Amino acid sequence: MDALYTAVATATHGRDGRAVSSDGKIDLKLAPPVELGGNGEGTNPEQLFAAGYAACFGSALGLVGRQAKVDVSDAAVTAEVGIGKQGEGFGLKVTLRVELPETVDEATGRKLVETAHQVCPYSNATRGNIEVDLVIE
């Protein structure tokens, strides 16, 4: 694959440090959530992954909607990223909640969401590695 764009970010001190993008547009304090024993006073990798996946999936949905000539410009995607023990380490699971405009019927909406799941780079990266549930609301 020839990359059309490459994002660069550096994290220091793991979950209890900072994450900074090479262009300075992201400069975040990192902290584990309270549920994982942290103070919750910063963002965490799961939140960043959820935000990226939701935005990317929304873009993929917009693309397949335009190709199908269906207006999904008012759609909203919420990504829920869970972390838990998996074997000797930790694993992730994702639920993508897609809220489609009322003008999109159920069958069309399901087809668009499933097609977006085939197009989205995050979906392609996670396929076979992370459980991803698609929920249409």
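Above: the structure in question.
Just so you know, these numbers come straight off a predicted model, no measurement behind them. (Residues numbered from 1 in each chain as written. Predicted model: local features only at pLDDT ≥ 70, side-chain atom pairs only at ≥ 80, totals over all residues. Heavy atoms only, no water.)

In terms of helices and strands, the protein carries 3 helices and 6 strands. Mapped in sequence order, the helices and strands of the protein form the string β-β-β-α-β-β-α-α-β. Projecting the C-alpha coordinates of the protein onto the three principal axes gives extents of approximately 45 × 35 × 30 Å. By the burial criterion, 31% of the 137 residues in the protein qualify as buried. For the protein, contacts bridging at least 24 residues in sequence account for 48% of all contacts bridging at least 6. Carbon and sulfur atoms provide 52% of the accessible area of the protein, an area that totals close to 9,000 Å². Distance between charge centres in the protein, computed from 12 positive and 19 negative side chains, equals 4 Å. (Helix = DSSP H or I, 4+ residues; strand = E, 2+ residues; numbered from the N terminus. Buried < 20%, exposed > 50% of the residue type's maximum accessible area, 1.4 Å probe, protein only. Contact = heavy atoms within 4.5 Å. Areas by Shrake-Rupley, 256 points an atom, 1.4 Å probe, with all protein chains shown as cover. Lys, Arg positive; Asp, Glu negative; His and termini not counted. Charge placed at Lys NZ, Arg CZ, Asp CG, Glu CD.)

Glancing now at the sheet that holds strand β6 (residues 131–136). Strand order in the open sheet made by the 3 strands is β4-β5-β6, with mixed pairing throughout. The open sheet has two free edges, formed respectively by β4 (76–86) and β6, since each of these has just one partner strand. On average, each strand axis in the sheet is tilted by 15 degrees relative to the strand beside it, whichever way the strands run. For β4 and strand β5 (residues 89–99), the ladder comprises 11 bridges, and the chain directions are antiparallel. Bridge assignment links glutamate 80 to a residue of β5, and that residue is threonine 95. On the sheet, helix α1 (residues 45–67) packs against β4, β5 and β6 and is oriented at approximately 140 degrees with respect to β4. On top of the sheet, helix α2 (residues 106–119) reaches β5 and β6; it is set at about 155 degrees to β6, its chief contact. (Pairing = 2+ DSSP bridges. Axes fitted to C-alpha atoms, helices over the stretch in contact; angles between N-to-C directions.)

Within the element layout of this structure, histidine 117 appears in helix α2. Relative accessible area serves as the criterion here: at 13%, histidine 117 is assigned to the buried category. Here the side chain of histidine 117 touches serine 123 through a polar contact of 2.8 Å, side chain to side chain. Excluding anything up to four places from it in sequence, histidine 117 contacts Tyr53, Phe57, Ser123, Asn124, Arg127, Val132 and Leu134. (Polar contact = N/O pair within 3.5 Å; in protein donor to acceptor, adjacent residues only side chain to side chain.)

This part covers the sheet that holds strand β3 (residues 27–29). Here 3 strands make up an open sheet; going across it, the order is β1-β2-β3 and the pairing antiparallel. Of all strands in the sheet, those with a lone pairing partner are β1 (9–12) and β3, marking the two edges. Taking each pair of neighbouring strands and ignoring which way they run, the sheet shows an average axis angle of 10 degrees. Here β1 runs beside strand β2 (residues 18–21); their pairing, made up of 4 bridges, is antiparallel. Residue pairing in the sheet places threonine 12 in a bridge with arginine 18 of β2.

As far as function goes, none of this settles anything; it's purely spatial.
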